[in-house]
Every structure is written in structure tokens, then in C-alpha cells.
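What the coordinates show
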Amino acid sequence: MVRSPLDAPAARACHIRTVRRMRTILLGLPVVLALALALLPGALLGSAPTPEVGEVFPDFALRTLDGEVLRVSDFRGTKLVLHVFASW
């Protein structure tokens with residue numbers, strides 16, 4: 001079978017489209033997997049119950065830099081501002 005020189009550009013264009021499609025799939029797949037892994041624990045475990053206004057705050061303890069243990073219940077009856085900060 002003899003190929004016409006006009007077939008080469010069409011074949012090349014088809015190949016380029018296929019390569020681009022594959023590249024999009026291969027680059028998008030890790031993003032989709034990362035999102036699924038990020039959302040999966042919440043979907044399986046459910047979310048923690050949200051306290052209502054006027055409800056008692058759940059008690060927990062934190063250790064200070066001096067080694068002292070502070071509990072939320074130690075501050076019951078006083079106004080407490082809890083500032084959560086993280087630096088990555």
C-alpha cells in the first residue's frame with residue numbers, strides 16, 4: 001500500500017492529540033487521587049459533633065512550654081480566648 005504525502009500531516013496531528021490527551025490524563029490523575037485521599041477520612045469517619053451556643057465546651061488538656069498542664073475546665077466560669085495558630 002502506497003501512502004500519500006498528505007496522510008503524514010493528518011497522522012502527525014492525530015498523534016499529537018493523543019499525546020496531549022494522555023499527558024492530561026497522567027497529570028490529572030495524581031490530583032484526583034490526592035483529593036480523594038484528602039476527602040476519604042472525613043467521609044468514612046464522619047465529622048465531629050458541632051457544639052451549640054450555650055453548650056459546655058469539650059474539655060481537653062495542653063502542655064505548656066514549662067511542662068505545666070492546662071485544662072479548659074480550669075478556666076470554667078471565665079472568658080477564654082483560644083487562638084489556634086500553625087506555621088508550616
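Residues numbered from 1 in each chain as written. Predicted model: local features only at pLDDT ≥ 70, side-chain atom pairs only at ≥ 80, totals over all residues. Heavy atoms only, no water.

Tallying secondary structure elements over the chain gives one helix and two strands in all. If you list the helices and strands of the chain from N to C, you get α-β-β. Summing over all exposed atoms, the chain offers an accessible surface of approximately 8,800 Å²; the carbon and sulfur share of this is 67%. (Helix = DSSP H or I, 4+ residues; strand = E, 2+ residues; numbered from the N terminus. Areas by Shrake-Rupley, 256 points an atom, 1.4 Å probe, with all protein chains shown as cover.)

Let's shift gears to a negative patch on the surface. On the surface, a cluster of negative charge is contributed by D59, D66, E68 and D74. Inspection of the secondary structure assignment puts D74 in the segment after β2 (69-71). (Patch = residues over 30% accessible without salt bridge, like charges linked within 9 Å, V, L, I, M, F, W, Y side chains within 5 Å. Salt bridge = Lys/Arg side-chain N within 4 Å of Asp/Glu carboxyl O. Lys, Arg positive; Asp, Glu negative; His and termini not counted. Charge placed at Lys NZ, Arg CZ, Asp CG, Glu CD.)

A contiguous nonpolar patch, built from F57, L62, L82 and V84 and spanning about 410 Å² of accessible area, is present on the exposed surface. The topology assignment puts F57 in the loop between α1 (7-45) and β1 (61-63).

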